[in-house]
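Summary of the model geometry
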Amino acid sequence: MASNVLFYLFAGFAIACALSLVYHRNPLYSAISLIGVFIALSCIYVTLAAPFIAAVQILIYAGAIMVLVVFVIMLLNLDEDRPLTRLKYLYALGAGLGLILLVQTFFIFYAVMRAPNHTVNVDQTVGKTLSIGQAMYSEYLLPVEIVGVLLLMAIIGGVILVRRLEPTQLRLVINEELDRRNEGQEKDDFRIAL
Amino acid sequence: MESLLKTAFPFIVYAIALLLAFQGVLMIVAYTVLAERKVLGWIQGRIGPNRVGPWGVLQPFADLLKFIFKEDLVPDKSTKFVYFLAPMVALTCALLPIVVYPFGPPITTVDWTFLPYGLGEGIRQLPLTIAQIDVGVLYVLGITSVGVYGIALAGWSSNSKYSLMGGLRSSAQMISYELAMGASILGVVMLGGTLDLNGIIYAQINSPFRWFIIPQIIGFVIFLIAAFAETNRVPFDLPEAETELVAGFHTEYSALKFALFFMAEYVNMFTVSVMSTVLFLGGWYVPGLSHIFEVGSIPYALVSLAAFVGKVCFFLFFYIWVRGTLPRFRFDQLMNFGWKFLLPLAIANTIVTIVVVYFLNS
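As the structure is a computational prediction, the values presented were derived from the model and not from experiment. (Residues numbered from 1 in each chain as written. Chains lettered and ligands numbered in written order. Predicted model: local features only at pLDDT ≥ 70, side-chain atom pairs only at ≥ 80, totals over all residues. Heavy atoms only, no water.)

**Observations concerning the overall build of chain A**
- Secondary structure summary: chain A contains eight helices and zero strands in total.
- For chain A, the sequential pattern of α-helices and β-strands runs α-α-α-α-α-α-α-α.
- Split into buried and exposed, the 194 residues of chain A put 20% on the buried side.
- Within chain A, residue pairs in contact and separated by at least 24 positions form 49% of the contacts whose partners lie at least 6 positions apart.
- Within the structure as shown, chain A displays about 15300 Å² of accessible surface, and the carbon and sulfur contribution to it stands at 68%. (Helix = DSSP H or I, 4+ residues; strand = E, 2+ residues; numbered from the N terminus. Buried < 20%, exposed > 50% of the residue type's maximum accessible area, 1.4 Å probe, protein only. Contact = heavy atoms within 4.5 Å. Areas by Shrake-Rupley, 256 points an atom, 1.4 Å probe, with all protein chains shown as cover.)

Here it is in structure tokens:
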């Protein structure tokens, strides 16, 4: 009973925030609405006995990723979003994709209703930190490692892409590159490209 | 009637607990402000506030009244909705961690069956924590990281260059030092084997060191430094560096809205003091107290609560002490120190702890 009330409360909040996310013209208001969605979702995770996932949802999505988004919006000083005048065919595409999503949602409702009504064996420890840690570092160790390496590569790539070199450093880098490519033709191409 | 009372009973208990905890924390915070002015006065060879009540003890209430009755100015070009939202976000995020503070050990020896209508049946213990959640450490870190929005949005929505610069500095600083802070806690979490704040206190009681500050002294120092940066306090008070930015992100805020930011800053100080106490100084644990009082009895809990508040107040005093002693960092020094020194040191500390814990357990 109480958990039902809480679910409808947080789900309603999430949907309201999601609607305001789509309808607001000001990108900053949209970003704030998205933070609201994340917080509502994490409240729902708490009612589903998954406190770790709820805490990580707040910590990573609301606390870290959205801070970057808000920063970018604040610093770029974006104008308000205007209706698209060109690329009109995208509206039709969007409508089609939305329709597919809606049908999918209703199919899930239908499938859930048709499913035999057996009581789900609720394991209260699934969402706990201990079980998640054990699963991550035993059964799913390889995927975790691969994702970790991928993320590290993305971070290093990002740092290298945005790094501005001093002119002297840049010349050093270019000379090294030129020495490495000893063939004349390629050297000229490289110079022209620069 | 009786069944209604039985349904409402837990809510009433939680309401009373929340009221007591919030009121207690806010009172301590209000007197931290007074203590700050007094101690700074002593450090600088002045007397400090002494006009309102004996030794100025009523000064916090006078300040609050003044905040309420001041004119509430709103900048004409500000983004109104965000401008009003920002102080609320700041204070809400500052206050939310109170619900997981382990104020003291659970009271287990009281027989609750004296309550009418059989309300006390089945109650074995009265925990001195409002919400005992499995992930207390992550909860506190997460909520404080959401608190960045209050400052960033305040800086942006005021539509003033000082506010924007202050907000940007503050957010950049908080994001940078959050990493070092999180990494410095990892060692304690591994030694304690849990993310539950009460669980970490029990782990410290059962460990040979009693306090995790002894094996995790590096983590403690990193945590303390990062905590100063997280709460925008001297020597890391660049967001409100008055010689450069007037008052930083809250330049355009007046009256009660400014008071909300002010309270949020001090409640945040309280939060990091509680975290240092719980993670490194054994929380409410008093060595040898179990020989004097029975564990779980009311006097045991009260003495432990007093010890907890005492340790927290020591850290609050430490903040004020440092403010009266150290000059301010420059922004590039702050960033270099955070990213190039504190974070690698915290990670090294974590790795060493991992190796030691692994060999101790195997």
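That shown, we press on.
**Thoughts on the interface of chain A and chain B**
- If you look at the interface, chain A gives 20 residues, while chain B gives 22 residues.
- Together chain A and chain B conceal approximately 1900 Å² of surface at their shared face, both sides included; 82% is due to carbon and sulfur atoms.
- One can count zero salt bridges joining chain A with chain B.
- Where chain A packs against chain B, one counts two residue pairs in polar contact (both at pLDDT 80 or more).
- For the side of chain A that touches chain B, the elements supplying multiple residues, two or more each, are α2 (27-47) and α3 (51-76) of chain A.
- Per element, the largest residue contribution to the side of chain A that touches chain B is 14 residues, and it comes from α3 of chain A.
- For the side of chain A that touches chain B, the class distribution of residues is 17 nonpolar, two polar and one charged. (Buried area = accessible area lost by both parts, 1.4 Å probe. Salt bridge = Lys/Arg side-chain N within 4 Å of Asp/Glu carboxyl O. Polar contact = N/O pair within 3.5 Å; in protein donor to acceptor, adjacent residues only side chain to side chain. Nonpolar A, V, L, I, M, F, W, Y, C, P; charged D, E, K, R; others polar.)

**Looking at the side chain of Ser-145 of chain B**
- For Ser-145 of chain B, the position within the fold is in helix α4 (residues 136-146).
- A polar contact is formed between the side chain of Ser-145 of chain B and the backbone oxygen of Gly-142 of chain B, at a distance of 2.7 Å.

**Remarks on unusual backbone geometry**
Residues and elements named next belong to chain B.
- A positive phi is found at Trp-55, a non-glycine position, where the angle reads about 50°.
- In the Ramachandran plot, Ala-255 falls in the positive-phi region, its phi being about 50° despite a non-glycine side chain.
- By the secondary structure assignment, Ala-255 is in helix α10 (residues 255-280).
- A relative accessible area of 9% means that Ala-255 is categorised as buried.

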